[in-house]
Amino acid sequence: MKIFNSIQLRSSGPICQECAYFQNDPALIEQVYRGLTAMSSGFASVRDQDGFCLCHQLYLSARDSCPSFVPAAGQVH
Amino acid sequence: MTTTNSEIAGIDQPSAWREFWSKEDWWSVWLGLGIIILAYVFYLAGSSISWIAVAPTKWSTLSQLATQFSTNAIRYLSLLGAFLILFTIVISFIGQKPKAFIPAFIFVFILSTIIYASGNWDQASRYNLEPPLVALILGLIISNVIGLPRCLDAGFRVEFYIKLGIVLLGATLPFTLIIWAGPVAILQASIVSLVTFFAIFFTARKLGLDHRLAAVLGAGGAVCGVSASIAVAGAVRARKEDPPIAISLVVFWAIIFIFALPLVSRAIHLPTGVGGAWIGTSEFADAAGLAAAQSYGGLAGKGLGISGTADQALASYTLIKVIGRDIWIGIWAFVLALIAVTVWERSETNSKVQVGQIWGRFPKFVIGFLVASALTTLIVHGNTLGDYNKLVKPALITPITSLRTWAFTFSFLSIGLTTRFRELANAGIKPFLAFTAGVIMNVILGYILSVIVFGHYWSSIVTH
């Protein structure tokens, strides 16, 4: 079943969190998404660890991954 | 693969433990429960925190008001100092700058004191000076007409203040009420959430919008406003420009509904419990809805033909919004993420969905709300109604209620101060039409369920 194959308990392999293209500083998110703080927050639990992918111009989970992964400075793989 | 460092510019490292001190949700739990425990310790010692939980009382002339403030000046300064110390600790831990926060919060506190006092003027209801609405309008005027330096935004933490207020609200609601009314709240909210989501989603798709934008808009209208939109955006891997579209639409409609829902409820004389339930079903964001519910509850007993109590409006609102809608955001995000990778596909990322996000995105302040309710129910248990009204209420419950009102006022004012209409993204006509379709569906269905189907239920909820 495709659906069950798509579910993971935890990430394996390099994830966006460790990628040079990924940015998820809550203050940055609030700065970029003007109006977010009016009725929500960059520091809210619902936002989990999501952030920007500067490579694909997406807003996604820190636990995602993709073939364009580039280790961020300080990450050793 | 080995990860060797934990501090990388622009990257917030995930850690199960770090969440406890890096998220506003958890801090609202620590602070809220801390205040309740402290209040209980004082109560056990035969004292009360009421000295520091000072609040304006009824007044009819300016000289009376001036006397109130001059007599209690040291108490107000102590309250400001206590808030400053606690909130500055929070701000430092989550990574904000205390230097920017402190002057901004003093500004918020001073304005909130004026708003709180204005609501206690004996002529306030005659001029419709409902504190939540006054706070919102004042904030909107200051931010959109006068303008404030951007650095002051550090003190306008709408979400943190509202979550702290909701945890404190838990301490004033019996746990039995949550058990009794929770299932109805979940049923009512689930029906409206699903219908609203599908109305927005399919209208958006019909208009040619992308699946992901349609889901982000749908969640914003159906679950918990901006917070739901941003959560689902991350879960479905939305385009970077999608969330601001949803933010603009949610803020636009939420601000309208803060005024419109209490106004309509008042015109048709809904009991406060029913009005609160309708607001909880049809408002989008927690803070916006609480402003509307508190404003409507404040009209009870003022000769306007509105039955019930102010607490009933807050209780029914919170049950529907928090228990019925907010706590399901993780499930929504997970299911939509699964649909995104299995049905909509996107080649840029891998095709796996983490189950952990159900807990990761859970609004943790709800835990504080539930624990606070259970805790005070246990404390109060065993007291007769007479003892409760004579001893427990003035020494324990009233000071907590007063601090809750302060937190809510900070939040309502901050909504206005952070809503700068010219900065909101231009949503475009198609997203606007799709979202509005859901808004119409939501408000009609919300009315039918809150007033016609479950009206008898919400009008009779017991909050003490």
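Going by the structure above, here's the rest.
Figured I'd write up the structure that's included with this text.

Thresholds, definitions, all that
Residues numbered from 1 in each chain as written. Chains lettered and ligands numbered in written order. Predicted model: local features only at pLDDT ≥ 70, side-chain atom pairs only at ≥ 80, totals over all residues. Heavy atoms only, no water. Helix = DSSP H or I, 4+ residues; strand = E, 2+ residues; numbered from the N terminus. Rg over C-alpha atoms; globule rule 2.2 N^0.38 Å. Lys, Arg positive; Asp, Glu negative; His and termini not counted. Charge placed at Lys NZ, Arg CZ, Asp CG, Glu CD. Contact = heavy atoms within 4.5 Å. Buried area = accessible area lost by both parts, 1.4 Å probe. Salt bridge = Lys/Arg side-chain N within 4 Å of Asp/Glu carboxyl O. Polar contact = N/O pair within 3.5 Å; in protein donor to acceptor, adjacent residues only side chain to side chain. Nonpolar A, V, L, I, M, F, W, Y, C, P; charged D, E, K, R; others polar. Buried < 20%, exposed > 50% of the residue type's maximum accessible area, 1.4 Å probe, protein only. Core = buried A, V, L, I, M, F, W, Y, C linked by side-chain atoms within 4.5 Å. Disulfide = S-S within 2.5 Å. Expected span 1.5 Å × (residues − 1). Phe/Tyr/Trp six-rings, centres within 6.5 Å; stacked < 30°, edge-to-face > 60°. Lys NZ or Arg CZ within 6 Å of the ring centre and 35° of its normal.

A few words now on the overall build of chain B. Counting its regular elements, chain B contains 20 helices and three strands. Scaling as 2.2 N^0.38, a compact globule of 464 residues should have a C-alpha radius of gyration of about 23 Å, and chain B matches this with 22 Å. With respect to the three principal axes, the spread of C-alpha positions in chain B is 65 × 55 × 50 Å. If the 30 positive side-chain charges of chain B are averaged to one point and the 20 negative ones to another, these points end up 2 Å apart.

Each partner contributes residues to the interface: chain A has 58 residues there, and chain B has 68 residues. Across the interface of chain A and chain B, roughly 5,400 Å² is buried in total on both sides, 55% from carbon and sulfur atoms. Counting the surface chain A buries against chain B, the share from its top three residues, Met39, Phe43 and Val46 of chain A, is 16%. Connecting chain A to chain B are three salt bridges. At the junction of chain A with chain B, the criterion picks out 15 residue pairs in polar contact (both at pLDDT 80 or more). For the side of chain A that touches chain B, the secondary structure elements donating two or more residues are helix 1 (2-5), strand 1 (7-8), strand 2 (22-23), helix 2 (26-32), helix 3 (36-39), strand 4 (58-60) and strand 5 (75-76) of chain A. Residue composition of the side of chain A that touches chain B, grouped by class: 26 nonpolar, 21 polar and eleven charged.

Right, let's talk about the side chain of Gln312 of chain B for a bit. Residues and elements named next belong to chain B. Inspection of the secondary structure puts Gln312 in helix 14 (residues 310-325). Look at Gln312 and you get buried, because its relative accessible area is 9%. In this structure the side chain of Gln312 is engaged in a polar contact, spanning 3.1 Å, whose partner is the backbone nitrogen of Thr309. In terms of polar contacts, Gln312 uses its side chain to reach the backbone carbonyl oxygen of Ile461, at 2.7 Å. Excluding residues within four positions of it along the chain, Gln312 makes contact with Thr272, Gly273, Ser459, Ser460, Ile461 and Thr463.

Now for the nonpolar core. Met39 of chain A together with Phe87, Phe105 and Trp458 of chain B are the most contacted members of the largest nonpolar core, which totals 160 residues. Per element, the largest residue contribution to this core is 14 residues, and it comes from helix 18 (residues 385-418) of chain B. By size, the runner-up hydrophobic cluster in this structure holds eight residues, among which are Cys19, Phe22, Cys53 and Ala62 of chain A.

To continue, consider the state of the cysteines. What the rule picks out here adds up to zero disulfides over all chains. With no disulfide partner, Cys19 of chain A has as its closest neighbouring cysteine sulfur the one in Cys16 of chain A, 6.3 Å distant.

A separate point is helix 11 (residues 242-267) of chain B. If you check helix 11 of chain B, its first and last C-alpha atoms are 37 Å apart, about what 26 residues at 1.5 Å a residue would give, namely 38 Å. His269 of chain B, located one to two residues past helix 11 of chain B, shows a positive phi value of around 55°.

Applying the stated criterion across every chain yields a total of 49 aromatic pairs over all chains. Taking the centre distance of 6.3 Å and the plane angle of 50° together, the rings of Phe105 of chain B and Tyr161 of chain B count as tilted. Of the two residues, Phe105 of chain B is situated in helix 5 (residues 98-119) and Tyr161 of chain B in helix 7 (residues 158-170); the sequence distance between them amounts to 56 residues. Judged by relative accessible area, Tyr161 of chain B falls into the buried class, the value being 0%. Ring centres of Phe109 of chain B and Phe410 of chain B lie 6.2 Å apart, and the angle between their planes is 50°; this geometry places the pair in the tilted category. Residue Phe109 of chain B is located in helix 5, and its partner Phe410 of chain B is located in helix 18; the two are separated by 301 residues in the primary sequence. Among the residues examined, Phe410 of chain B registers a relative accessible area of 0% and is labelled buried. Joined through ring pairs, the aromatic side chains of Phe69, Tyr76, Phe83, Phe87, Phe101, Phe105, Phe109, Tyr116, Phe160, Tyr161, Trp406 and Phe410 of chain B make up one cluster. Above the face of the Phe52 of chain A ring, Lys240 of chain B is positioned so that its terminal group lies 5.0 Å from the ring centre. The ring of Trp359 of chain B has Lys364 of chain B sitting right over it, with the charged end atom 4.8 Å from the ring centre.

Our focus in this paragraph is the pattern of salt bridges. Applying the stated criterion across every chain, the model contains 17 salt bridges over all chains. One salt bridge in this structure joins Arg157 of chain B and Glu30 of chain A, with 2.7 Å as the shortest N-O distance. Placement of the pair is Arg157 of chain B in the loop between helix 6 (131-146) and helix 7 and Glu30 of chain A in helix 2, with the two residues belonging to separate chains. Neither Arg157 of chain B nor Glu30 of chain A differs from the other in exposure class; each is buried. Residue Asp64 of chain A pairs with Arg237 of chain B through a salt bridge whose shortest N-O separation is 2.3 Å. With Asp64 of chain A in the loop between strand 4 and strand 5 and Arg237 of chain B in the loop between helix 10 (225-236) and strand 2 (238-239), the pair connects residues from two separate chains. Residue Asp64 of chain A shares its accessibility class with Arg237 of chain B, and that shared class is buried. Through salt bridges with shared partners, a single ionic network connects Arg150, Asp153, Arg420 and Glu423 of chain B.

Residue and element names in this part refer to chain B. Here Trp458 shows up in helix 20 (residues 455-459). A sequence separation of 134 residues divides Trp458 from Gly324, and the C-alpha atoms of the two residues are 14 Å apart. Setting aside residues up to four positions removed in sequence, Trp458 forms contacts with Ala181, Val184, Ala185, Gln188, Gly273, Val274, Ala277, Ser316, Leu319, Ile320 and Ser450.

Glancing now at the environment of Val195 of chain B. Residue and element names in this part refer to chain B. Looking at the element boundaries, Val195 is found in helix 8 (residues 175-206). Of the residues examined, Val195 reaches a relative accessible area of 31% and is grouped as partly exposed. In sequence terms Val195 and Gly438 are 243 residues apart; their C-alpha atoms lie 8.0 Å from each other. Setting aside residues no more than four positions away along its own chain, Val195 makes contact with Met441 and Leu445.

With that settled, consider unusual backbone geometry. A positive phi is found at Gln57 of chain A, a non-glycine position, where the angle reads about 55°. Along the chain, Gln57 of chain A turns up in the loop between strand 3 (51-53) and strand 4. A residue is classified by how much of its surface remains accessible, and Gln57 of chain A, at 37% relative accessible area, is partly exposed. A positive phi angle, near 60°, is found at Arg237 of chain B, a position not held by glycine. Residue class for Arg237 of chain B comes out buried when judged on its relative accessible area of 5%.

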